[in-house]
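Notes for the structure review
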Amino acid sequence: MGCLLMIRKMAKITVDDSEITVVRINDEDYLSLTDMMKAHDGEFFFHNWLRNRNTIEFLGIWEKVYNPNFNSVEFDRIKSMAGLNNFRISAKEWIESTNAIGLVSKAGRYGGTYAHKDLAMEFAMWISPEFKVYLIREFQRLKEEEQKQLGWSAKRELSKINYRIHTDAIKNNLIPDDVTSAQANVIYADEADVLNVAMFGMTAKMWRDQNPTLKGNIRDYANINQLICLSNMENLNAVFIEKGMTQSERLIELNKIAIHQMKILECVDDRKLLK
């Protein structure tokens, strides 16, 4: 291909009882044509598709649009032969002759023939319209799940950052230098309860006393809006601590903020909130 391939395994999707590998190549989604071939006449089926004149024309147009290094002169030569009875070309020959990026032929780990998702859908149509429809459905399902995971990962990372900001503010402003670790943990827990009282109206111990049969802690049973609000309040409490506000002053302000933010969050449709 004339460039370094950065390949990362992503997932497998199942279409028509066939497992199809999806990988990321240079930050683009590629599907395994090798996997797609296994259930449909193997290599012969793929070679028959690749020698088809319409296929060659489609591949060439796609490359011209997305690949600035595409060898158009060599493409014109190949296109002139496409459709002839004696015309044959492999994926490797196509890639090496035209410097194509839409198809990837690789040996070793993740070996096989892969196609950019746009091209893979065209190959799926060659298999059958039904196969293409199911492939689109499963691929879209995969991408939707990926987006959900990215969203939750971002929220988890934001929570980690806000937690670090919060604990650093406590360490730098509220914990004397000569206290023991046990004493410091009491201060950290006390500040965590400031947020609990502002958000839930009770401390962690009060919640445990009221819910002796439940496992975990009060935040394990918070909904998504409450968790978002808590993450925001950790950051704000750190700012208030840096300003030298007393705990009682911070509690009053944080409670007002919690009420205000929860009203806003509960008015937003969950699907819009999580996008």
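Residues numbered from 1 in each chain as written. Predicted model: local features only at pLDDT ≥ 70, side-chain atom pairs only at ≥ 80, totals over all residues. Heavy atoms only, no water.

**Focus: the overall build of the protein**
A count of helices and strands for the protein gives 12 helices and five strands. A total of 275 residues make up the protein; the buried ones form 38% of that total. Here the analysis covers contacts within the protein between residues at least 6 apart in sequence; of these, 58% occur between residues at least 24 apart. For the protein, the accessible area works out to roughly 16,300 Å², and carbon and sulfur atoms hold 53% of it. (Helix = DSSP H or I, 4+ residues; strand = E, 2+ residues; numbered from the N terminus. Buried < 20%, exposed > 50% of the residue type's maximum accessible area, 1.4 Å probe, protein only. Contact = heavy atoms within 4.5 Å. Areas by Shrake-Rupley, 256 points an atom, 1.4 Å probe, with all protein chains shown as cover.)

**Points about helix α10 (residues 224-242)**
Each turn of an α-helix holds 3.6 residues, which means side chains three or four residues apart point in the same direction. With 19 residues, α10 should reach 27 Å at 1.5 Å per residue; the first-to-last C-alpha distance of 28 Å fits that figure. Those residues of α10 that fall on the buried side of the exposure criterion are Asn 225, Gln 226, Cys 229, Leu 230, Ser 231, Met 233, Glu 234, Asn 237, Ala 238, Phe 240 and Ile 241. Looking one or two residues beyond α10, the residue adopting positive phi is Gly 244, at roughly 85°. (Expected span 1.5 Å × (residues − 1).)

**A word on the packing of aromatic side chains**
Inspection of the entire model under this criterion finds eight aromatic pairs. Measuring from ring centre to ring centre gives 5.9 Å for Phe 46 and Phe 123, while their planes differ by 75°; the resulting arrangement is edge-to-face. Linking Phe 46 in helix α2 (residues 42-50) with Phe 123 in helix α6 (residues 117-127), this pair joins segments that are 77 residues apart in sequence. Taking the relative accessible area as the measure of exposure, Phe 46 reaches 2% and is therefore buried. (Phe/Tyr/Trp six-rings, centres within 6.5 Å; stacked < 30°, edge-to-face > 60°.)

**Description of the pattern of salt bridges**
The final tally for this structure, using the stated rule, is 12 salt bridges. Linking Glu 74 and Arg 77 is a salt bridge whose minimum nitrogen-to-oxygen distance equals 2.4 Å. Note that Glu 74 and Arg 77 are positioned in helix α4 (residues 72-81) at a spacing of three residues, about one turn of the helix. With a relative accessible area of 41%, Arg 77 lands in the partly exposed category. Among the salt bridges present, the one from Arg 219 reaches Glu 234, with a minimum N-O distance of 3.7 Å. Of the two residues, Arg 219 sits in the loop between α9 (204-210) and α10 while Glu 234 sits in helix α10, which places them 15 residues apart along the sequence. (Salt bridge = Lys/Arg side-chain N within 4 Å of Asp/Glu carboxyl O.)

**Some details on the pairing of strand β5 (residues 112-116)**
Within β5, five of the five residues are buried, which leaves it mostly tucked inside the rest of the structure. Both faces of β5 are covered, namely the face carrying Gly 112, Tyr 114 and His 116 and the face carrying Thr 113 and Ala 115. The pairing of strand β3 (residues 28-32) with β5 spans three bridges and is antiparallel. In the sheet register, Ser 32 faces β5, and the bridge partner there is Tyr 114. Note that strand β4 (residues 103-106) and β5 share four bridges and pair antiparallel. Each bridged residue has a counterpart across the sheet, and for Val 104 the counterpart in β5 is Tyr 114. (Pairing = 2+ DSSP bridges.)

**Some words on the confidence of the model for the protein**
On average, the protein scores 82 in pLDDT, and the residues at 70 or more come to 80%. In the model of the protein, helix α12 (residues 270-274) stands out as the element of lowest mean pLDDT, 45, in contrast to helix α3 (residues 53-66), which has the highest, 95. Here residues 269-275 scores under 50 on pLDDT; set against residues more than four positions off or in separate chains, the count is six contacts. (pLDDT = per-residue confidence, 0-100.)

**Description of the nonpolar core**
Judged by nonpolar contacts, the single largest core of 40 residues is most densely connected at Leu 33, Met 36, Trp 94, Leu 103, Phe 123 and Leu 135. Broken down by element, the residue count for this core peaks at six residues, all from α6. With residues near it in sequence (within four places) discarded, Phe 123 still touches Leu 33, Met 36, Met 37, Phe 45, Phe 46 and Trp 49. Counting residues in each nonpolar core, the second largest holds 13 residues, with Leu 195, Met 199, Cys 229 and Ile 257 among its members. (Core = buried A, V, L, I, M, F, W, Y, C linked by side-chain atoms within 4.5 Å.)

**Some words on the packing of α3 against α6**
Where α3 contacts α6, the axes come no closer than 11 Å and their chain directions differ by 170°. Taken together, the axes of α3 and α6 are roughly antiparallel relative to one another. Here the hand of the crossing between α3 and α6 comes out right-handed. Residues Phe 58, Leu 59, Trp 62 and Tyr 66 of α3 touch α6, and the partners they reach there are Asp 118, Leu 119 and Glu 122. (Axes fitted to C-alpha atoms, helices over the stretch in contact; angles between N-to-C directions. Parallel < 35°, antiparallel > 145°, perpendicular 65-115°, else oblique. Left-handed = near helix turned anticlockwise from the far one by under 90°.)

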